[in-house]
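# Chains, contacts and geometry: an overview
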Amino acid sequence: MMDTKQFIEELAEILEADPTTLTLDSDFRESADYWSSLTGFSILIFMQDRCGVNVPVDDFLEMHTVGDLYKAASKEGE
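Residues numbered from 1 in each chain as written. Predicted model: local features only at pLDDT ≥ 70, side-chain atom pairs only at ≥ 80, totals over all residues. Heavy atoms only, no water.

### Quick look at the packing of helix α1 (residues 4-15) against helix α5 (residues 66-74)
Packing of α1 against α5 brings their axes to within 11 Å, and their N-to-C directions diverge by 120 degrees. The element α1 and its partner α5 pack so that their crossing is right-handed. Residue-level inspection shows T4, F7, I8 and L11 of α1 in contact with α5, the latter providing V66, L69, Y70 and A73. Class assignment of the residues belonging to the contact of α1 with α5 gives a composition of seven nonpolar, one polar and no charged. (Axes fitted to C-alpha atoms, helices over the stretch in contact; angles between N-to-C directions. Helix = DSSP H or I, 4+ residues; strand = E, 2+ residues; numbered from the N terminus. Left-handed = near helix turned anticlockwise from the far one by under 90°. Contact = heavy atoms within 4.5 Å. Nonpolar A, V, L, I, M, F, W, Y, C, P; charged D, E, K, R; others polar.)

### Quick word on the nonpolar core
Within the largest apolar cluster, 24 residues are counted, with the highest numbers of intra-cluster contacts made by F7, M47 and L69. At the level of secondary structure, the elements contributing two or more residues to this core comprise α1, α3 (37-49) and α5. Residues within four places of M47 in sequence aside, it is in contact with F7, G52, V53, V55, L69, A72 and A73. (Core = buried A, V, L, I, M, F, W, Y, C linked by side-chain atoms within 4.5 Å. Buried < 20%, exposed > 50% of the residue type's maximum accessible area, 1.4 Å probe, protein only.)

Next comes the structure, spelled out in structure tokens:
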């Protein structure tokens, strides 16, 4: 499992956001320079490929913060 700093940096790249402005409390959709379904899909692929977690779309739609994503990514080790 990657640490929070690395997770935020990689997520910021997908969101095209400044990683120094993202925290675990940030709303990742609002933090994106431009949000689209493709951005959401890219996050799901990131979660699967880099974090080893398959997040169902319905669960993803309920997530709002970077912390929600990180918590789901942390379940890989459980």
